[in-house]
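Here is how the chains run, residue by residue.
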Amino acid sequence: IRGLFRSFPPYSFLLGLTSVHWRESWKYGERAFRYCNHDVGHAIGSARIAAATVGWNMVLLDGTDQHTVATLLGTDRREDYVNAEPEHPDCLALVWPIAEVSREVEAEDSGQQPKSQRERAGEDEARSIPFYIDPAAVKGLSGAIWHGRANRLSRENPVPWEIIDDAAAASWKSTQERHSLALPCDEHAVHLSQPDDTSGLMNDAALSALRIIRQRRSAVAFDGKTSIPAAVFFQMMLRVMPSAERPCLERPMPWDAIPWDPAIHLLLFVHRVDGLMPGLYVLARDPRKVKLLQQSMNPELEWTAAPDCPPDLPLYWLLQGDARRLAVQVSCHQDIAGDSAFSLGMLAEFEALLHHGGAWWYPRLFWESGVVGQVLYLEAEAAGVRGTGIGCFFDDPVHEIVGIKGLAVQSLYHFTIGGAVEDVRLQTLLPYYHVTRRS
């Protein structure tokens, strides 16, 4: 075990994510592959935000090849899956404490008082984190004793969806990149929201992260009336901006967990945002990609900066008009896309990225879109409204709206935020309610 962590910060640990495709395919068929990868993205965002609330960092070890991930997580142990549905190894993440927390843990372990900042001066030399796991270190665990077996989920034999297996095999990451990034000098300042951050997610004691995270629900319907102020809308958009020009580990949380340049951009159907004309807008999550997006769309679109938009927010107005019916139509005729304050489609840089980087980039685009969705979920709750992901949509009609041709960019995920209609059939209980009740 020690060999695995020799190059990582003290007190770090690994978090692994896997998918059982059958858990989605029994209901959604071949769409299950992308749905599972959306869920991976939501899990990455959820884990990163949870880590930040207790003073820990997290980053994907995305240089690791998938064979190593499978070996470390035990999903390649076929004897454990003889009578169970296969489990797909997705990714590994490193979790470690920020400098201040690490020093407190170190002092507790040694029985001494934490060193002062002056005493620690000069001790925190520049360090780097390798974004991969050495396969040789993993092989050293081959003699370890495994406990438990995978349980069977279905009484009947699963319906085979060969296309899911084909997609998983085609996007398997068989290569390893041995690259590293330097740790920021002041991790604490980099990774936690600042006091003047007005997002309401992490900095207001009365609106704690714990409460927002626990109350987060997916809306099942919207009232078709609730609007949000433009300032709130702009703040939500700022929260999904990853500060692409910075090195990965210096980006705002949770974008410091994703060690690649942002490749997901937002096509927004604005319905009820006070201060903004209804219509179609686009947000370039990497300002350096504005030209790429413009070249991928109809050249007759306006591309006018949204009025009163913060100067560091690359949000552009494309078309003016009531887009509610259009949003419903392209979202598989689901009213939630038009009854909300706004809805959106996530446009991914596609053909060039997969051509130059490899097919294993395909699931990562869904991971990134899932993290975007997770941030929007929490920002909606903090703003007093509610959001929900939309997995069913017509991608080609979405492309036709703005004149996207070819595969330069592709629509991968939809999302919508507005005033939720509560479903009285649902009941909310405290965590571990059944255990508390028994005692």
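Here is a short report on the structure shown in this document. Quick caveat, the model's predicted, so the values are computed rather than measured.

## Looking at the overall build of the protein
Okay, step 1: For the protein, the helix and strand inventory stands at 16 helices and 14 strands.
Okay, step 2: Taking all 439 residues of the protein together, the buried fraction comes to 49%.
Okay, step 3: Looking at the protein alone, contacts between residues at least 24 apart form 80% of all its contacts between residues at least 6 apart.
Okay, step 4: For the protein, the exposed area adds up to about 22200 Å²; of that, 51% sits on carbon and sulfur atoms.

## Looking at the state of the cysteines
Okay, step 1: Scanning the model with the defined rule gives one disulfide in all.
Okay, step 2: Across the disulfide from Cys 332 sits Cys 392; the S-S distance is 2.2 Å. Taking the torsion about the sulfur-sulfur bond, which here is approximately -80°, the covalent link between Cys 332 and Cys 392 counts as left-handed. One end of the pair, Cys 332, is in the loop between α12 (324-330) and β12 (342-349); the other, Cys 392, is in the loop between β13 (386-390) and α15 (395-401), with 60 residues separating them in the sequence.
Okay, step 3: Given a relative accessible area of 25%, Cys 392 falls into the partly exposed group.

## Description of the pairing of strand β9 (residues 279-283)
Okay, step 1: Among the five residues in β9, five count as buried, and that is most of the element.
Okay, step 2: The pairing of strand β7 (residues 264-270) with β9 spans five bridges and is classified as antiparallel. Across the sheet, the residue bridging to Phe 269 is Leu 280, located in β9.
Okay, step 3: Pairing of β9 with strand β11 (residues 315-320) involves five bridges; the strand directions are antiparallel. When the bridges of β11 are listed, Leu 280 appears paired with Leu 319.

## Quick notes on the packing of aromatic side chains
Okay, step 1: The full count for this structure, using the stated rule, is twelve aromatic pairs.
Okay, step 2: Relative to Phe 234, the ring of Phe 233 has its centre 6.1 Å away and its plane inclined at 55°; by these criteria the two rings are tilted.
Okay, step 3: Since its relative accessible area comes to 0%, Phe 233 is described here as buried.
Okay, step 4: Aromatic pair Tyr 377 and Phe 415: ring centres 4.9 Å apart, planes at 80°, arrangement edge-to-face. Highlighted residues: Tyr 377 in helix α14 (residues 361-382) and Phe 415 in strand β14 (residues 409-418), separated in sequence by 38 residues. Side by side, Tyr 377 and Phe 415 carry an identical accessibility label, which is buried.
Okay, step 5: Linked through ring pairs, Phe 33, Phe 350, Tyr 362 and Phe 366 together constitute an aromatic cluster.
Okay, step 6: We note Arg 216 situated over the ring of Tyr 377; from NZ or CZ to the ring centre the distance is 4.0 Å.
Okay, step 7: Here the guanidinium or amino end of Arg 285 rests over the ring plane of Trp 255, the centre of that ring lying 4.7 Å away.

## A closer look at the packing of helix α2 (residues 32-53) against α14
Each pair of packed helices gets described by two things: the angle between the helix axes and the distance between those axes.
Okay, step 1: Relative to each other, α2 and α14 sit at 50°, their axes nearing to 7 Å. Viewed along their axes, α2 and α14 adopt a mutual orientation that is oblique. α14 is crossed by α2, and the crossing has right-handed handedness. Contacts between α2 and α14 involve Phe 33, Arg 34, Asn 37, His 38, Val 40, Gly 41, His 42, Ile 44, Gly 45, Ser 46 and Ile 49 from the first element and Tyr 362, Pro 363, Phe 366, Trp 367, Ser 369, Gly 370, Val 371, Gly 373, Gln 374, Tyr 377 and Leu 378 from the second.

## A look at the environment of Asp 395
Okay, step 1: Relative to the helices and strands, Asp 395 is located in helix α15.
Okay, step 2: Judged by relative accessible area, Asp 395 falls into the partly exposed class, the value being 32%.
Okay, step 3: Considered as a pair, Asp 395 and Tyr 413 are 18 residues apart in the sequence and their alpha carbons are 9.1 Å apart.

## Quick notes on the sheet that holds strand β3 (residues 88-97)
Okay, step 1: The strand order across the open sheet formed by three strands is β1-β3-β2, and the pairing between neighbours is antiparallel. Because the sheet does not close on itself, it has two edges, and the strands there are β1 (13-19) and β2 (56-60). For this sheet, the mean inter-axis angle between neighbouring strands, taken without regard to orientation, is 30°.
Okay, step 2: Where β1 lies against β3, seven bridges are found, and the strand directions are antiparallel. Paired with Thr 18 across the two strands is Pro 89, which belongs to β3.
Okay, step 3: Relative to the sheet, α2 contacts β1, β2 and β3, its axis offset from that of β2 by approximately 155°.

## Describing the nonpolar core
Okay, step 1: Within the largest apolar cluster, 57 residues are counted, with the highest numbers of intra-cluster contacts made by Phe 233, Met 237, Leu 268, Leu 315 and Phe 342.
Okay, step 2: Per-element accounting of this core gives the leading share, ten residues, to α14.
Okay, step 3: Setting aside its immediate chain neighbours within four residues, Met 237 contacts Leu 266, Leu 268, Leu 283, Leu 313, Phe 342 and Leu 376.
Okay, step 4: Among the nonpolar cores identified, the runner-up in size contains 25 residues, and Leu 280, Val 282, Leu 293 and Val 398 belong to it.

## Observations regarding the sheet that holds β14
Okay, step 1: Read from one edge of the open sheet, seven strands run β10-β11-β9-β7-β12-β14-β13, paired in antiparallel fashion. Of all the strands in the sheet, the pair left with one neighbour each is β10 (304-305) and β13.
Okay, step 2: Of the strands in this sheet, β7, β9, β11, β12 and β14 touch helix α10 (residues 230-239), which is tilted by about 165° from β7.
Okay, step 3: Those strands touched by α14 are β7, β12, β13 and β14, and its axis lies near 15° from that of β14.

## Digging into α14
Okay, step 1: Here α14 contains 22 residues, and its C-alpha end-to-end distance of 32 Å stays within 8% of the 32 Å for a straight helix at 1.5 Å per residue.
Okay, step 2: With respect to burial, α14 is a largely interior element, 21 of its 22 residues being buried.
Okay, step 3: Looking one or two places after α14, you find Gly 384, whose phi comes out positive at around 85°.

## As for the pattern of salt bridges
Okay, step 1: Under the defined criterion, the tally for this structure stands at 18 salt bridges.
Okay, step 2: In this structure, the salt-bridge partner of Arg 364 is Asp 62, at a minimum N-O distance of 2.9 Å. Taken as a pair, Arg 364 in helix α14 and Asp 62 in the loop between β2 and α3 (66-73) lie far apart in primary sequence, 302 residues in all.
Okay, step 3: You can call Arg 364 buried: its relative accessible area is 4%.
Okay, step 4: Looking at Asp 62, the relative accessible area reads 10%, which means it is buried.
Okay, step 5: In this structure, Asp 322 engages Arg 324 in a salt bridge whose closest nitrogen and oxygen atoms are separated by 2.6 Å.
Okay, step 6: Within this structure, Arg 251, Asp 261, Asp 286, Arg 288, Lys 289 and Glu 349 form a network of salt bridges that share partners.

Thresholds, definitions, all that
Residues numbered from 1 in each chain as written. Predicted model: local features only at pLDDT ≥ 70, side-chain atom pairs only at ≥ 80, totals over all residues. Heavy atoms only, no water. Helix = DSSP H or I, 4+ residues; strand = E, 2+ residues; numbered from the N terminus. Buried < 20%, exposed > 50% of the residue type's maximum accessible area, 1.4 Å probe, protein only. Contact = heavy atoms within 4.5 Å. Areas by Shrake-Rupley, 256 points an atom, 1.4 Å probe, with all protein chains shown as cover. Disulfide = S-S within 2.5 Å. Pairing = 2+ DSSP bridges. Phe/Tyr/Trp six-rings, centres within 6.5 Å; stacked < 30°, edge-to-face > 60°. Lys NZ or Arg CZ within 6 Å of the ring centre and 35° of its normal. Axes fitted to C-alpha atoms, helices over the stretch in contact; angles between N-to-C directions. Parallel < 35°, antiparallel > 145°, perpendicular 65-115°, else oblique. Left-handed = near helix turned anticlockwise from the far one by under 90°. Core = buried A, V, L, I, M, F, W, Y, C linked by side-chain atoms within 4.5 Å. Expected span 1.5 Å × (residues − 1). Salt bridge = Lys/Arg side-chain N within 4 Å of Asp/Glu carboxyl O.

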